[in-house]
Amino acid sequence: PLAAMRKACWLPRVQCPYAIAAPDPYQGKGGRKFICNSERILHLARSAGTNVLVYSLGSNNQFQFEEYVYALMNGSVEIHTFSKEPVGSTKPSYVLYHQTTFGYRGSGLLDWTHKLGHANKTIHILKVDIEEAERSVFQELFQGNKCKLD
């Protein structure tokens with residue numbers, strides 16, 4: 001049943017214009033990620049002095065997504081990866097790693113944007129794959145009738 005659910009939910013079900021499918025490190029086992037609005041984000045990356053801000057929630061010390069985004073944006077990117085496990089030796093030097101567990105007081109996404117000085121900045125790419133804690137992140141982002149992200 002889980003495999004069938006993953007297959008049925010593999011493609012984005014929300015509007016995702018100009019989607020780019022990042023390589024699937026899990027060979028079809030639910031790990032595929034899509035980058036929406038890729039044309040706009042690539043334009044930003046090519047603009048002089050503009051860094052694309054990426055928050056990658058969940059890594060399990062696997063950084064294929066971050067490596068792909070870094071290459072796609074030709075290094076014009078600031079990547080913050082958040083995960084519960086201690087950082088391993090495979091972390092690329094350009095990834096800023098934050099060990100945390102989402103869903104607990106003081107460890108929400110908006111808490112981190114304030115801690116890192118990004119409260120008034122746009123997160124251009126938000127990847128969320130935090131094994132059953134996604135709900136807490138999305139509840140935080142969509143409190144009330146207003147999304148907290150641009």
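Computed from a predicted model, the values in this text were never measured in an experiment.

Section: the sheet that holds strand S6 (residues 125-128)
The 4 strands are arranged S5-S4-S3-S6 in an open sheet whose pairing can be described as parallel. Edge positions in the open sheet fall to strand S5 (95-99) and S6, since each of these has one partner strand only. Taken pair by pair, the neighbouring strands of this sheet meet at an average axis angle of 15°, ignoring direction. As paired strands, strand S3 (residues 52-57) and strand S4 (residues 77-83) are joined by 6 bridges and run parallel to one another. Residue pairing across strands places Tyr55 opposite His80, the latter belonging to S4.

Some details on the nonpolar core
One finds Val52, Val54, Phe65, Val69, Met73, Val77 and Ile125 to be the most contacted residues of the largest nonpolar core, which totals 18 residues. Elements with a minimum of two residues in this core: helix H2 (38-46), S3, helix H3 (64-72), S4 and S5. Counting residues per element, this core draws most heavily on H2, which supplies 4 residues. Those residues within four positions of Ile125 in sequence are excluded, and the remaining contacts are Ile35, Ile41, Val52, Leu53, Val54, Tyr55, Phe65, Val69 and Met73. Of all hydrophobic cores here, the second largest spans 13 residues; its members include Leu53, Tyr55, Val128 and Ile130.

Comments concerning H2
Owing to its 3.6 residues per turn, the α-helix brings residues three or four apart onto one side. For H2, the full list of buried residues reads Ser38, Ile41, Leu42, Leu44 and Ala45. Seen end-on, H2 carries its buried residues on one side only, within an arc spanning 155°. Seen from the open side of H2, the exposed residues pointing more than 90 degrees away from its buried face are Arg40, His43 and Arg46. In this structure, the buried residues of H2 make contact with strand S1 (20-21), strand S2 (34-35), S3, H3 and S6.

Considerations on the pairing of S4
Here is the key point about a regular strand: its side chains alternate between the two faces of the sheet. Buried residues dominate S4, accounting for 6 of its 7 residues. The parallel pair S3 and S4 is bridged by H3, and the resulting crossover is right-handed. Alignment of S4 against S5, held across 5 bridges, turns out to be parallel. Within S5, the position partnered with Phe82 by the bridge is His98.

Conventions and cut-offs
- Residue positions within a chain follow its written sequence, with the count starting from 1.
- With the structure being a predicted model, the display of local features is reserved for residues of pLDDT at least 70 and the display and counting of side-chain atom pairs for 80 or more, all residues being used for whole-chain, interface and lining totals.
- Only hydrogens and water are set aside; all other atoms, that is, all heavy atoms of the structure, feed into the side-chain values.
- A strand pair is defined by DSSP finding two or more bridges across the two strands.
- Here a helix means four or more residues in a row that DSSP labels H or I, a strand means two or more in a row labelled E, and each is numbered from the N terminus.
- A fitted line through C-alpha atoms represents every axis, and for helices the fit uses only the stretch in contact; the resulting angles, taken between N-to-C directions, go from 0 to 180 degrees.
- The definition of a nonpolar core used throughout is a set of buried Ala, Val, Leu, Ile, Met, Phe, Trp, Tyr and Cys residues joined through side-chain atoms within 4.5 Å.
- Note on exposure labels: buried denotes an accessible area under 20% of the residue type's maximum, exposed denotes more than 50%, and partly exposed covers the range between, all computed with a 1.4 Å probe on protein chains only.
- Whether two residues touch is decided by their heavy atoms; if any such pair falls within 4.5 Å, the residues are in contact.
- Directions from the helix axis toward the C-beta atoms define the arc.
- Place the viewer so that the strands point away; then a crossover is right-handed whenever the path from the first strand over the helix to the second strand goes clockwise.

Structural measurements only, silent on function.
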